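Letter by letter, the chains look like this.
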Amino acid sequence: EIPLRLVGSEMCIRDRMLSISQKEQVTMNAPNVPIINLETAHNDQKQIKLLDLACRDHGFFLLKNHGMQQEIDDMWKHSQWFFSQDRKEKLKLLRSKEIPLGFYDRELTKQKRDLKEVFDFMETRTDDDINQWPEEISFKNSMEDFFFKSSEVANQTLDLILSCLGLTENKYVFGDSRTSNARLNFYPINDPLDNIEKDTVNELGDMALHHHTDPGILTLLLQDMTGGLQAKSKEFGWIDILPEENSIVVNLGDAMQVWTNDNYVAAIHRVLKRTSESRYSTPFFFNPKSESIIEPIPEIAESNPVYKSFTWKQYIRGRIDDNYQDLGQDDIQISNFKI
């Protein structure tokens, strides 16, 4: 048997180290993005092995039997309706630094403008709700149902990931629906901005969405069947995350990489520019509690943490700021907190 390669400091829970046969390794290496059954994976060591290896290599896997297909189907219908509206209608919900939720079509990644339109929303709050909704009430209802169910599935997925690490008692890693957010993405073929608007923003880059990591714990991503999503594998370079019917793509975020002391990796991913067909996707960003301290888990790091402590509020603010303006440098990264 070939032992799983460890990234960063060695895992402290020695009896939880997993191994795979050469035959299993060959199966996973093409393309090493396992399809995990959320209903059965907790009691299936083969699935646990596949999940563990993927989290160490590129941070991506797919979920089946997730229990939210009805909410997903309804979300797709309303997402397509929203982006099919006249642009003047979408611009009524244009987000800003003061109101950071709603429609946007000039976001930056790595200081380059992405070729996409987005609609951002969060959990509805009884006080001080900053969501912007179109007048069509069924749209709001659909997105709220989708958000609630996504939060449930994200918590179940987090429990599964922690079990791979041997953390049967979770004292450190907690997500919160109140700090999480969801986004409808539309990737058109052509630039939605007119010539006057183009003169006021960064030029388009060579990707629909440039390479980046997500800042939070994990992301549940729904993608249509057109393809274009790629992940950076340590083993194979850029690999395609191929669409799979009735599945959810999961990728790990920066907070998870820090918490696991580099044993698991935040997924580096990008979306290729569209050439003949537009693309829809919807990520649910599962984020830490507002007061969370992000630092390596002691049981994993032992006496060799590779990150200094920082707060979630501090980290996410740096990411948000870079989405609105070119600060002349890359947005904040976990590497800023390396020891």
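Predicted model, so just to flag it, every value in this text is computed and none were measured.

*Asks:* So what exactly am I meant to see when it comes to the environment of Asp57 here?
*Replies:* Assignment of secondary structure puts Asp57 in helix α2 (residues 45–57). Placed 210 residues apart in sequence, Asp57 and Ala267 show a C-alpha to C-alpha distance of 8.9 Å.

*Asks:* Which parts of the structure should I look at to understand the sheet that holds strand β9 (residues 181–187)?
*Replies:* Strand pairing in a sheet relies on backbone hydrogen bonds, with the paired strands running either antiparallel or parallel. Pairing is mixed in the open sheet, where eight strands are placed in the order β3-β4-β14-β11-β16-β9-β8-β5. Whereas interior strands pair on both sides, the edge strands pair on one side only; in this sheet they are β3 (35–37) and β5 (102–104). Going from strand to strand, the sheet's axes swing by 25 degrees on average, the running direction of each strand aside. Of the strand pairs in this sheet, strand β4 (residues 60–64) and strand β14 (residues 248–252) are connected by four bridges, and their pairing is antiparallel. Looking at the pairing, Phe61 lines up with Val250 of β14.

*Asks:* Explain the nonpolar core here, please?
*Replies:* Judged by nonpolar contacts, the single largest core of 62 residues is most densely connected at Phe119, Phe121, Leu218 and Ile248. Residues Tyr187, Ala208, Ile239 and Val271 belong to the second largest nonpolar core, which totals 14 residues.

*Asks:* How should the pattern of salt bridges be read in this particular structure?
*Replies:* Between side chains of opposite charge, pairing is possible as soon as their charged atoms come close. Under the counting rule described, the total for this entry stands at 20 salt bridges. Measuring nitrogen to oxygen at the nearest pair gives 3.5 Å for the salt bridge that ties Lys77 to Asp74. With Lys77 and Asp74 both in helix α3 (residues 69–83) and three residues apart, this pair spans about one turn of that helix. The partner of Lys92 in a salt bridge is Glu89, and the shortest N-O contact between them spans 3.1 Å. The exposure class of Lys92 is exposed, given its relative accessible area of 58%.

*Asks:* What am I meant to see in the side chain of Thr260 here?
*Replies:* For Thr260, the location among the structural elements is in the loop between α7 (254–259) and β15 (269–271). On the accessibility criterion, Thr260 (0% relative accessible area) is buried. A polar side-chain atom of Thr260 sits 2.9 Å from the main-chain carbonyl oxygen of Met256. Within the structure, the side chain of Thr260 is placed 3.3 Å from the backbone oxygen of Gln257, a separation counted as a polar contact. With residues up to four places along the chain from it excluded, the contact list for Thr260 reads Leu165 and Ile300.

Parameters at a glance
- Residues numbered from 1 in each chain as written.
- Predicted model: local features only at pLDDT ≥ 70, side-chain atom pairs only at ≥ 80, totals over all residues.
- Heavy atoms only, no water.
- Helix = DSSP H or I, 4+ residues; strand = E, 2+ residues; numbered from the N terminus.
- Pairing = 2+ DSSP bridges.
- Axes fitted to C-alpha atoms, helices over the stretch in contact; angles between N-to-C directions.
- Core = buried A, V, L, I, M, F, W, Y, C linked by side-chain atoms within 4.5 Å.
- Buried < 20%, exposed > 50% of the residue type's maximum accessible area, 1.4 Å probe, protein only.
- Salt bridge = Lys/Arg side-chain N within 4 Å of Asp/Glu carboxyl O.
- Polar contact = N/O pair within 3.5 Å; in protein donor to acceptor, adjacent residues only side chain to side chain.
- Contact = heavy atoms within 4.5 Å.

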